[in-house]
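What follows is each chain in one-letter form.
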Amino acid sequence: MCLILHSKVGFDSISKREIKGALAANPDGVGIFWDEGGNAEVYKTEEISYRSLRAMLRDIGRKECFVHFRFATNSIWGIEGAHPFPVFNSETESAGYQVWIAHNGIFSHAPRDVHDTQFFIASTLRPILLRDPFVWRTSAFQDLLTRAIGGANRLAFLDSSGVGARIGRWYD
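Quantities reported herein were computed from a predicted structural model and do not represent experimental measurements. (Residues numbered from 1 in each chain as written. Predicted model: local features only at pLDDT ≥ 70, side-chain atom pairs only at ≥ 80, totals over all residues. Heavy atoms only, no water.)

**Q** Quick rundown of the overall build of the chain? Include the residues and the values.
**A** Scanning the chain from terminus to terminus reveals five helices and eight strands. Traced from its N-terminal end to its C-terminal end, the chain shows the element sequence β-α-β-β-α-β-β-α-β-α-α-β-β. Against the globule reference of 16 Å for 172 residues, the chain gives a C-alpha radius of gyration of 15 Å, in line with a compact fold. Principal-axis analysis of the C-alpha atoms gives the chain an extent of 40 × 35 × 30 Å. (Helix = DSSP H or I, 4+ residues; strand = E, 2+ residues; numbered from the N terminus. Rg over C-alpha atoms; globule rule 2.2 N^0.38 Å.)

Dropping the structure here:
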């Protein structure tokens, strides 16, 4: 299963051992998304060395940031399977607003030949957020989604204005 690290103040406190362990245990890609002055920035790769990742996190600095280490559990491999994923299909669909999501866990209701997180976004989140793109920011929606996804799933949200949220049961 994947791993998501989150920080609002940078990753200086995460040890070399922890990052190397995350890379070794989750070898199928890394996605990083962070707040860059009120804009979400996204970087995805199939492979990254410890030194390159540490340098990138150092460059990002003391900003809200999520790092998703992928362990592939379905048929989507390579960069296409790396998180985060956009909620909206195009800028016209959302008037230039975007929400990025990374997932830790397994949504078992997804068809076997479809990426479970992409299926969840398309079947559940996108229809809701097309009606109200900011509802995910409310505590009521976050509580509802936490109950709906179950205890083994976690979601990381970051929008194009740099607002982030953790949904599900996270461990600090």
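**Q** Residues and numbers for the side chain of N26, please.
**A** As for its placement among the helices and strands, N26 is situated in the loop between α1 (16-25) and β2 (30-35). At 3.0 Å, the side chain of N26 and the backbone oxygen of A22 are in polar contact. (Polar contact = N/O pair within 3.5 Å; in protein donor to acceptor, adjacent residues only side chain to side chain.)

**Q** Can you break down unusual backbone geometry residue by residue, with the values?
**A** Note that the residue after H83, namely P84, is joined by a cis bond; omega there is 5°. Among the structural elements, P84 can be located in the loop between β4 (65-69) and β5 (85-86).

**Q** Could you give an account of the confidence of the model for the chain, naming the residues involved and the relevant values?
**A** When the pLDDT values of the chain are averaged, the result is 88; 97% of them are 70 or greater. Mean pLDDT across the elements of the chain ranges from a minimum in helix α3 (residues 91-94), with 73, to a maximum in helix α5 (residues 139-149), with 96. (pLDDT = per-residue confidence, 0-100.)

**Q** Describe the environment of S13, with residues and values.
**A** Structurally, S13 is set in the loop between β1 (3-7) and α1. The exposure class of S13 is exposed, given its relative accessible area of 71%. Placed 71 residues apart in sequence, S13 and P84 show a C-alpha to C-alpha distance of 23 Å. (Buried < 20%, exposed > 50% of the residue type's maximum accessible area, 1.4 Å probe, protein only.)

**Q** Talk me through the sheet that holds β5; I want residue IDs and the actual numbers.
**A** Spatial strand order, β5-β6-β7-β8: four strands in an open sheet with antiparallel pairing. Edge strands, defined here as strands with exactly one partner in the open sheet, are β5 and β8 (164-168). In terms of strand pairing, β5 meets strand β6 (residues 99-104) through two bridges, oriented antiparallel. By the bridge assignment, F85 is partnered in β6 with I101. (Pairing = 2+ DSSP bridges.)

**Q** Give a detailed account of the packing of aromatic side chains, specifying residues and quantitative values.
**A** Taken as a whole, this structure holds six aromatic pairs when the rule is applied. When the centroid spacing of 4.3 Å and the interplanar angle of 20° are considered together, the rings of F107 and F120 count as stacked. On the criterion of sequence distance, the pair formed by F107 in the loop between β6 and α4 (116-131) and F120 in helix α4 is long-range, its members being 13 residues apart. Aromatic pair W136 and F157: ring centres 5.2 Å apart, planes at 20°, arrangement stacked. Taken together, the positions of W136 in the loop between α4 and α5 and F157 in strand β7 (residues 154-159) put the pair 21 residues apart, joining distant regions of the chain. On the basis of relative accessible area, F157 is assigned to the buried category, the value being 0%. Following the ring pairs from residue to residue traces out a cluster consisting of F33, F66 and W170. (Phe/Tyr/Trp six-rings, centres within 6.5 Å; stacked < 30°, edge-to-face > 60°.)

**Q** I'd like to hear about the state of the cysteines, residue by residue, with values.
**A** If you walk through the whole model with that rule in mind, you get zero disulfides. Here C2 stays unpaired: no disulfide links it, and the sulfur of C65, its closest cysteine neighbor, is 16 Å away. (Disulfide = S-S within 2.5 Å.)

**Q** Kindly report on the pairing of β8, identifying the contributing residues and their values.
**A** Pairing between β7 and β8: five bridges, direction antiparallel. Residue pairing for β8: A156 is matched across the bridge by R166. Where β7 folds back on β8, the antiparallel hairpin that results is connected by four residues, among which G162 adopts a positive phi of roughly 90°.

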